[in-house]
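# Architecture at a glance
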Amino acid sequence: MAASCRSFLRVALLLVLVSASSGQLSPTFYSETCPTLETVVLLAMTPVVLLEPRMGASILRLFFHDCFVNGCDASVLLDDTATFTGEKNAGPNANSLRGFDVIDTIKTAVELLCPGTVSCADILALAARDGVGLLGGPSWTVPLGRRDATTASLSAANNDLPSPASSLAQLISSFAAKGLSANDMTALSGAHTIGQARCINFRGHIYNDTNIDADFASDLQQSCPSSGDDDSLAPLDTQTADSFDNAYYENLVAYTGLLHSDQELFNNGMQDSLVQQYSTDAEAFAEDFAAAVVKMGNISPLTGTDGEIRLDCRKVN
């Protein structure tokens, strides 16, 4: 009980700091204009995740890929047009990001109740939180009031999103550029306790790296050959692929991280001790993950009169 209280107080304090620093994001932003918003998002996410647990991971990843490219502004949701190039076909996103239709469905429902009021950026932030919760992970209070970008950046998506081949130093640098610490990065990497990855993203690790359990690598090589079958999938967490827990860190300690960048967190480096802690203390991980997601969700939001409230998440008004 004491630990739970500490967790709540820590996240609550972070929310106060976030609201103070942003000046406008607030958990109660829609309390008057769309009071049923969070209920609508949860009701929409529940059947989606129950039918396909992987979608909880996909929505969370969509939120991460949005926030890391010019802030949490729903730019990742914009479709390409004859005169506009968005972020969906950037290297880290093409044939990889999923869940756009889920956000569309939620937006349609929200527009019926609160037309022209709620941003796609805020819907994505709430849906990511609910996806984690529906898979057994922690919940957190989402500061709201983001507005939607009217543009996107293919080049930033190609350059700012960390690669699955990243070294620890590269990961730390990439997250630091967004105002996130090395410990934030290690906690946020725990998102890989759910979801799947494509063969093309872990091939180098299972064939070329030495910091990997030999039997684990051999098993993966059966479905991910040294060439071809790039889209063959494997769970990021082989223990409990559909449960948001701390097994990801147990895997790292056992040298069974799926991606090169995963195993870099436990490879005789500065994050080893934190990985060890999370591998045995699920509550500490859950607490730190929730706090880090709130922090990530505050990366350069558009507020006030900046941006717009898109009526269709796939295109500017």
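Residues numbered from 1 in each chain as written. Predicted model: local features only at pLDDT ≥ 70, side-chain atom pairs only at ≥ 80, totals over all residues. Heavy atoms only, no water.

Looking now at the UniProt feature "binding site: heme b" (unreviewed entry) in the protein. Cross-referencing UniProt, the feature "binding site: heme b" (unreviewed entry) maps to His 192 in the present numbering. Secondary-structure assignment places His 192 in the loop between α8 (182–188) and β1 (196–198). In this structure His 192 touches Leu 236, Asp 237, Tyr 248, Leu 259 and Asp 262, once residues within four positions along its chain are discounted. (UniProt positions renumbered as here; feature names shortened; annotations may be inferred. Helix = DSSP H or I, 4+ residues; strand = E, 2+ residues; numbered from the N terminus. Contact = heavy atoms within 4.5 Å.)

On to the side chain of Glu 308. Positionally, Glu 308 belongs in the segment after α14 (282–296). What Glu 308 contacts, discounting residues up to four positions off in sequence, is Arg 147, Asp 148, Thr 150, Val 316 and Asn 317.

The positions that UniProt labels "domain: Plant heme peroxidase family profile" (unreviewed entry) are, in the present scheme, residues 50–280. Structurally, residues 50–280 comprises 46% helix and 3% strand, and the distance from its first C-alpha atom to its last is 28 Å.

Let us look at the environment of Leu 188. Position of Leu 188 relative to the elements: it lies in helix α8. Considered as a pair, Leu 188 and Phe 289 are 101 residues apart in the sequence and their alpha carbons are 5.7 Å apart. With sequence-adjacent residues up to four places away left out, Leu 188 is seen in contact with Phe 175, Leu 180, Phe 289, Ala 292, Val 293 and Met 296.

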